[in-house]
Amino acid sequence: MTGTAPRPPRRSALLRATTAAAVAVPLCTAGWFGWRALDHSGPAGATAAPAASAPAASSPTADPASAPPAPTATDQPGTADPGAPADGTAAPLTPPVAPPPSTTPAAEAPSAPADAAVLTGRTVLLDPGHNPGNSAHTAEINRQVDIGNARKECDTTGTETNAGYTEAEYTLDVSRRARALLAARGATVVLVQDGDRPWGPCVDERARAGADAHADVAVSVHGDGGPANGSGFHVIMPARVVAGKADNAAIVAPSRRLGLLLRDRFHAATGEPYADYIAKDGLDTRSDLGGLNLSTVPKVFIECGNMRNSTDAKRMTDPQWRQQAARGIADALTAFLTTQEKTEER
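What counts and how
Residues numbered from 1 in each chain as written. Predicted model: local features only at pLDDT ≥ 70, side-chain atom pairs only at ≥ 80, totals over all residues. Heavy atoms only, no water. Helix = DSSP H or I, 4+ residues; strand = E, 2+ residues; numbered from the N terminus. Buried < 20%, exposed > 50% of the residue type's maximum accessible area, 1.4 Å probe, protein only. Contact = heavy atoms within 4.5 Å. Areas by Shrake-Rupley, 256 points an atom, 1.4 Å probe, with all protein chains shown as cover. Phe/Tyr/Trp six-rings, centres within 6.5 Å; stacked < 30°, edge-to-face > 60°. 1 Å grid on protein atoms, 1.4 Å probe; cavity = no way out; pocket = protein on both sides within 12 Å on 5 of 7 lines; lining within 4 Å. Points joined across faces, edges and corners; volume = space filled by probe spheres on them. Pairing = 2+ DSSP bridges. Axes fitted to C-alpha atoms, helices over the stretch in contact; angles between N-to-C directions. Expected span 1.5 Å × (residues − 1). Core = buried A, V, L, I, M, F, W, Y, C linked by side-chain atoms within 4.5 Å. Disulfide = S-S within 2.5 Å. Salt bridge = Lys/Arg side-chain N within 4 Å of Asp/Glu carboxyl O. Parallel < 35°, antiparallel > 145°, perpendicular 65-115°, else oblique. Left-handed = near helix turned anticlockwise from the far one by under 90°.

Caption draft 1: A look at the overall build of the protein. Across its full length, the protein carries eight helices and ten strands. Here the protein holds 346 residues, and the buried ones make up 45% of them. Relative to all contacts within the protein whose residues are 6 or more apart in sequence, the contacts with residues 24 or more apart total 82%. Summed over its atoms, the accessible surface of the protein is roughly 17,100 Å², and 57% of this surface lies on carbon and sulfur atoms.

In structure tokens, the structure reads:
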């Protein structure tokens, strides 16, 4: 049907508009209260933290080392690890005490001293135990040398994991990583050997290296070859030895302070437990090590784990864990050089 419908009175149109508005206001108000009821972000005015502020997760296979280039491919951070399990699977971090923090050089910045130059003017000696070339120079390393109260072999080949990752490779890698961290804090860092020698040096030369470098402190880095059912790390401190050409009386007390700091900082950085097959509470005192008997600067050894134990081997062959081990060593040396001398009986 065509045509034009009659226009409604103007008063009726106004009435309908007024009624619609009156209904719309309560409905909007109810909707607002409903939205607030679903908002769990906190009091009015609070805003959610932007997602971009969350720290990025570290890749478990990435090598976070910032150490100088190594002379061989097996020592290069980020390369295939010769100590990985034979089936090719990744070696997960499985510390029995507490999972070690996932760290990268960038993420470690907050744990470094506030003053980046806190170690300026200080010299640290790092002694990577053994040498990757020792196995090819058995005649040289078997030569007997004087350690003050006895005679011992010049050096040994060290131990290795069941998969063939050697102690010499481990100690060199961790020492390079610790060197980078300490240098970033202003220290002058000297390595007894940096993969630049075909073998050695002998233990008596390693002991003299601290004095030769005018070092304030020294640490010898090792991995142990204990029983397969034993795990954990321990720190070896010097017993007092005054015999023959050895006289370490002046360094025994400061070395003990260093040993306590190293035990605590290494444990905190890595989650590695104290050794359950040797030493006591992660500490041992010995008089049969030429590197300690003949040293004239405070010095200790650290056996970072048992490379013959499958759990320890998984950690020690993981580049990320080795970075944490290096940080524990660097933190202990930093604390030793920047805090008041005090030996606590613990």
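Picking up where we left off.
Caption draft 2: Looking closely at the packing of aromatic side chains. Under the defined criterion, the tally for this structure stands at three aromatic pairs. Pairing Phe233 with Phe266 gives two aromatic rings, centres 4.8 Å apart and planes at 50°, and the pair type is tilted. Pair noted here: Phe233 is in the loop between β5 (217-224) and β6 (234-238) and Phe266 is in helix α5 (residues 252-270), with a separation of 33 residues, a long-range link. For the pair Phe233 and Phe266, a shared accessibility class is recorded, and that class is buried. Consider the rings of Phe266 and Trp321, whose centres lie 6.0 Å apart with planes at 80°: the pair is edge-to-face. Taken as a pair, Phe266 in helix α5 and Trp321 in helix α8 (residues 319-338) lie far apart in primary sequence, 55 residues in all.

Caption draft 3: The layout of surface pockets, seen in detail. Here the largest pocket defines a volume of roughly 470 Å³. Taken together, 28 residues form the lining of the largest pocket, with His130, Thr156, His222, Leu289 and Phe301 sitting closest to its centre. For the lining of the largest pocket, the secondary-structure elements that each account for two or more residues are β3 (151-153), α4 (203-212), β5, β6, α6 (290-293) and β10 (299-306).

Caption draft 4: Summary view of the sheet that holds β5. The strand order β4-β1-β5-β10-β6-β9 describes an open sheet built from six strands, whose pairing is mixed. At either margin of the open sheet sits one strand with a lone partner, and together these are β4 (188-191) and β9 (283-286). Within the sheet, the average angular offset between the axes of one strand and its neighbour, ignoring direction, is 25°. With four bridges connecting them, strand β1 (residues 123-128) and β4 associate as parallel partners. Of the residues in β4, the one forming a bridge with Thr123 is Thr188. The sheet contacts of α4 involve β1 and β10, and relative to β1 the element is tilted by about 165°.

Caption draft 5: Focus on α5. Here α5 spans 26 Å end to end across 19 residues, near enough to the 27 Å set by a 1.5 Å rise per residue. Positive backbone phi, approximately 80°, marks Gly271, located one or two places after α5.

Caption draft 6: Structural view of unusual backbone geometry. Residue Pro201 is reached from Gly200 by a cis peptide bond, and omega for that bond is 10°. By the secondary structure assignment, Pro201 is in the loop between β4 and α4. Located in the positive-phi region is Asp281, a residue other than glycine, with phi close to 55°. Mapped onto the elements of the fold, Asp281 is located in the loop between α5 and β9. On the basis of relative accessible area, Asp281 is assigned to the partly exposed category, the value being 42%.

Caption draft 7: The nonpolar core, seen in detail. Residues Leu126, Tyr170, Leu182, Val219, Ile302, Ile329 and Leu333 are the most contacted members of the largest nonpolar core, which totals 40 residues. Taken together, the elements giving at least two residues each to this core come down to β1, α3 (167-184), β4, β5, β6, α5, β10 and α8. With ten residues, α8 is the largest single contributor of residues to this core. Here Val219 is in contact with Leu125, Leu126, Asp127, Leu258, Leu262, Val300, Ile302 and Leu333, once residues within four sequence places are set aside.

Caption draft 8: Just the state of the cysteines, in detail. Applying the stated criterion across every chain, the model contains one disulfide. Between Cys154 and Cys202 runs a disulfide, and the two sulfur atoms are separated by 2.0 Å. Around the S-S axis, the bridge from Cys154 to Cys202 shows a dihedral of about -95° and counts as left-handed. Remark: Cys202 occurs in the loop between β4 and α4 and Cys154 occurs in the loop between β3 and α3; sequence separation between them is 48 residues.

Caption draft 9: Quick peek at the pattern of salt bridges. For the structure on display, the rule yields 15 salt bridges. Asp204 is the partner of Arg208 in a salt bridge, and the nearest nitrogen-oxygen pair spans 3.9 Å. Taken together, the residues Arg208 and Asp204, both in helix α4 and four residues apart, mark about one turn of the helix. Judged by its relative accessible area of 13%, Asp204 is buried. When the shortest N-O distance is used, the salt bridge between Asp312 and Arg315 registers 2.9 Å. Of this pair, Asp312 and Arg315 both sit in helix α7 (residues 310-316), three residues apart, which is roughly one turn of the helix. Residue class for Arg315 comes out buried when judged on its relative accessible area of 1%. Among the charged side chains, a salt-bridge network with shared partners connects Asp127, Asp155, Arg206 and Lys299.

Caption draft 10: Spatial organisation of the packing of α3 against α8. For the pair α3 and α8, the least separation of the axes is 8 Å and the interaxial angle reads 55°. The angle between α3 and α8 places the two elements in the oblique class. In the crossing of α3 with α8, the sense of the turn from one axis to the other is right-handed. Here α3 contributes Tyr170, Asp173, Val174, Arg177, Ala178, Leu181 and Leu182 to the contact with α8, which in turn contributes Pro319, Trp321, Arg322, Gln323, Ala325, Ala326, Arg327, Ile329, Ala330, Leu333 and Thr334.

Just geometry here; none of it tells us what the structure is for.
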